[in-house]
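Chain by chain, the residues run as shown.
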Amino acid sequence: DQQVKQNSPSLSVQEGRISILNCDYTNSMFDYFLWYKKYPAEGPTFLISISSIKDKNEDGRFTVFLNKSAKHLSLHIVPSQPGDSAVYFCAAIFTGGGNKLTFGTGTQLKVEL
Amino acid sequence: NAGVMQNPRHLVRRRGQEARLRCSPMKGHSHVYWYRQLPEEGLKFMVYLQKENIIDESGMPKERFSAEFPKEGPSILRIQQVVRGDSAAYFCASSPNGGQGSYEQYFGPGTRLTVT
């Protein structure tokens, strides 16, 4: 039962353009969402998060949008840089049910020159 | 400011042996989480611990797996009588508190367990 889904296993974008990574969830109890970036043979690195009381959060080149009614969130990276090439995981928490993160399966982003 | 430390980074065990994975949280963090990533999959929650307490072990397999976070020293994930299906990357994460407005968890580099 995959409660957090990232339906695009890979995405290729040109340097300088916008990267949009999508994530859908099925559990309406989730109320906090996070994005992580992961390079091969390393642990995930926290990027940005959003609470369900907001619909947008921005940090530098990274913006996360949340559409609660659609149970959908997206991560926008503008402008994309070659160093952004990595696997991106979205994760969700039900804050009233403990702190465990439920992860999606990841999207491999490749930023080409 | 050291991040989450995990050792060993790579561990090879034969079927039936025991595997011990260690995790030292970030300085000032008292909450530790273990996750497992099987090949071609996302990370799956295993267990959440505070010092000397298991808070949530709902993701732990019922047999052969155990975890502890003693008052002194690192957190240990122990796998007894390993089988090939235990081959995976095991990640530890830590947080400064149990949520309370900020739910970010910070991950270590992982231990790659290979069972031969």
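Residues numbered from 1 in each chain as written. Chains lettered and ligands numbered in written order. Predicted model: local features only at pLDDT ≥ 70, side-chain atom pairs only at ≥ 80, totals over all residues. Heavy atoms only, no water.

A. Seen up close, the packing of aromatic side chains. Evaluation of the coordinates by the stated rule reveals 13 aromatic pairs over all chains. Each ring, one from Tyr36(A) and one from Phe46(A), has its centre 5.9 Å from the other, and the planes form 70°; the classification is edge-to-face. Linking Tyr36(A) in strand β4 (residues 32-38) with Phe46(A) in strand β5 (residues 45-51), this pair joins segments that are 10 residues apart in sequence. The class of Tyr36(A) is buried, set by a relative accessible area of 0%. When the centroid spacing of 5.8 Å and the interplanar angle of 50° are considered together, the rings of Tyr36(A) and Phe103(A) count as tilted. Note that Tyr36(A) is positioned in strand β4 and Phe103(A) in strand β10 (residues 102-103), a separation of 67 residues in sequence. Of the aromatic side chains, those joined through ring pairs into one cluster are Tyr36(A), Phe46(A), Phe89(A), Phe103(A), Tyr35(B), Phe45(B), Tyr106(B) and Phe107(B). (Phe/Tyr/Trp six-rings, centres within 6.5 Å; stacked < 30°, edge-to-face > 60°. Helix = DSSP H or I, 4+ residues; strand = E, 2+ residues; numbered from the N terminus. Buried < 20%, exposed > 50% of the residue type's maximum accessible area, 1.4 Å probe, protein only.)

B. Representation of the interface of chain B and chain A within the structure. Each partner contributes residues to the interface: chain B has 23 residues there, and chain A has 20 residues. Buried area between chain B and chain A, both sides added, is near 1700 Å², and the carbon and sulfur share of it is 57%. The largest share of the area that chain B buries against chain A comes from Leu43(B), Tyr103(B) and Glu104(B), three residues that together contribute 33% of it. The interface formed by chain B and chain A includes 9 residue pairs in polar contact (both at pLDDT 80 or more). (Contact = heavy atoms within 4.5 Å. Buried area = accessible area lost by both parts, 1.4 Å probe. Polar contact = N/O pair within 3.5 Å; in protein donor to acceptor, adjacent residues only side chain to side chain.)

C. Layout of unusual backbone geometry. All names here are of chain A. The peptide bond linking Val78 to Pro79 adopts the cis configuration, its omega dihedral lying at -10°. Mapped onto the elements, Pro79 comes out in the loop between β8 (72-77) and β9 (86-93). Even without glycine at this site, Ala41 takes up a positive phi of about 60°. Assignment of secondary structure puts Ala41 in the loop between β4 and β5. Taking the relative accessible area as the measure of exposure, Ala41 reaches 46% and is therefore partly exposed.

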